[in-house]
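Summary of the model geometry
Each chain is listed here by its residues.
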Amino acid sequence: MYLLYLLRKTSQKYYFFFERVFESALFTQYFPQPGWVEHDANEIWASQLGVAVEAMGKIGATAEDIAAIGITNQRETTILWDKFTGEAVYPAIVWQSSQSQSICEEMISNGYQKLIQEKTGLIINPYFSASKIKFIFDKKPELLEKAKLNVYKNYLISKKVILPETKHKKYS
């Protein structure tokens with residue numbers, strides 16, 4: 001039995017079996033404007049799966065040989081996806097992207113900093129997902145209308161990486 005450990009960095013993934021690195025792969029980063037960073041959510045999943053399968057092949061492991069999977073990832077990279085199809089409806093907005101900076105500045109200037117911090121313990125910052133989701137809805141208003149019908153889910157990158165393989169079963 002093996003423990004598969006997936007380390008997903010902003011631009012590269014690493015796969016370990018018992019602390020030995022077997023594979024890594026780069027994936028595309030998109031910079032639509034200065035300070036903006038996006039990823040293709042489907043490319044993230046495909047590269048995650050592809051490199052894991054390749055690494056398993058190198059040691060002759062099958063899915064049945066994997067006792068557990070540990071994942072470390074970007075955490076605050078945000079993907080808004082259709083909960084019925086599993087497809088992303090907008091590119092993943094990467095944790096370091098500043099594309100929602102003006103939304104954060106507007107919230108701060110309107111006096112929301114104290115309220116947000118009291119309720120969440122967080123400061124208003126484009127690092128966190130709420131302003132990224134608002135950015136998506138501002139950019140694509142038709143997505144907001146579908147969101148009102150509970151069509152989308154916002155999952156951080158870990159769920160987009162693991163949910164397709166687990167067939168949306170619970171995990172922690």
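Note: the structure precedes this text.
Residues numbered from 1 in each chain as written. Predicted model: local features only at pLDDT ≥ 70, side-chain atom pairs only at ≥ 80, totals over all residues. Heavy atoms only, no water.

Topic: the overall build of the chain
To be explicit about the condition: Secondary structure elements follow DSSP: runs of H or I no shorter than four residues count as helices, runs of E no shorter than two count as strands, and numbering proceeds from the N terminus. Two residues qualify as a contact provided that any one of their heavy atoms is within 4.5 Å of a heavy atom in the partner residue. Note on areas: Shrake-Rupley with a 1.4 Å probe; residue coverage comes only from the protein chains shown.
A count of helical and extended segments in the chain gives six helices and eight strands. A separation of at least 24 residues holds for 61% of the contacts in the chain among residues at least 6 apart in sequence. Taken as a whole, the chain presents about 9900 Å² of accessible surface, with 56% of it coming from carbon and sulfur.

Description of the nonpolar core
The criterion, for reference: The set of buried Ala, Val, Leu, Ile, Met, Phe, Trp, Tyr and Cys residues whose side-chain atoms join them within 4.5 Å is what this entry labels a nonpolar core. Here's how the labels work: a residue is buried when its accessible area is under 20% of the maximum for its type, exposed when over 50%, partly exposed in between, all with a 1.4 Å probe on protein chains only.
Trp36, Leu80, Tyr90, Ile93, Ile103, Ile133, Phe135, Ile136, Phe137, Leu143, Val151 and Tyr152 together form the largest nonpolar core, which totals twelve residues. Those residues in contact with tryptophan 36, other than ones at most four positions away along the chain, are Tyr30, Phe31, Ser97, Ser98, Gln99, Phe135 and Lys139. Grouped together as the second largest cluster of nonpolar side chains are six residues, Ala41, Ile79, Trp81 and Ala92 included.

Examining the environment of glycine 50
With respect to the helices and strands, glycine 50 occurs in helix H1 (residues 41–59). Overall, the relative accessible area of 35% leaves glycine 50 in the partly exposed class. Distance from glycine 50 to alanine 25, taken between C-alpha atoms, is 9.1 Å for residues 25 residues apart in sequence.

Digging into the packing of aromatic side chains
Threshold: Only rings of Phe, Tyr and Trp enter the pairing, Trp through its six-membered ring, and a pair is recorded when the two centres are within 6.5 Å. The plane angle decides the type: under 30 degrees is stacked, over 60 is edge-to-face, the rest tilted.
By the definition in use, this model includes three aromatic pairs. Chaining the aromatic ring pairs together yields one cluster made of Trp95, Tyr127 and Phe128.

Overview of the side chain of glutamate 38
In plain terms, the rule: Within this scheme the basic residues Lys and Arg register as positive and the acidic residues Asp and Glu register as negative, but His and the chain ends are omitted. Whenever Lys or Arg places a side-chain nitrogen within 4 Å of a carboxyl oxygen from Asp or Glu, that contact is recorded as a salt bridge.
Tracing the sequence through the fold places glutamate 38 in strand S4 (residues 38–39). The charged side chain of glutamate 38 is buried without a salt bridge, its nearest counter-charge being lysine 139 at 7.1 Å. Here glutamate 38 is in contact with Thr28, Gln29, Tyr30, Pro32, Tyr90, Pro91, Ala92, Val94 and Gln99, once residues within four sequence places are set aside.

Some remarks on the side chain of lysine 132
Turning to its location among the elements, lysine 132 is positioned in helix H4 (residues 129–139). Glutamate 76 provides the closest opposite charge to the buried, salt-bridge-free lysine 132, at an N-O distance of 5.0 Å. Dropping the residues within four chain positions of it, lysine 132 is found in contact with Glu76, Thr77, Thr78, Ile93, Val94, Trp95, Ser100, Pro126 and Tyr127.

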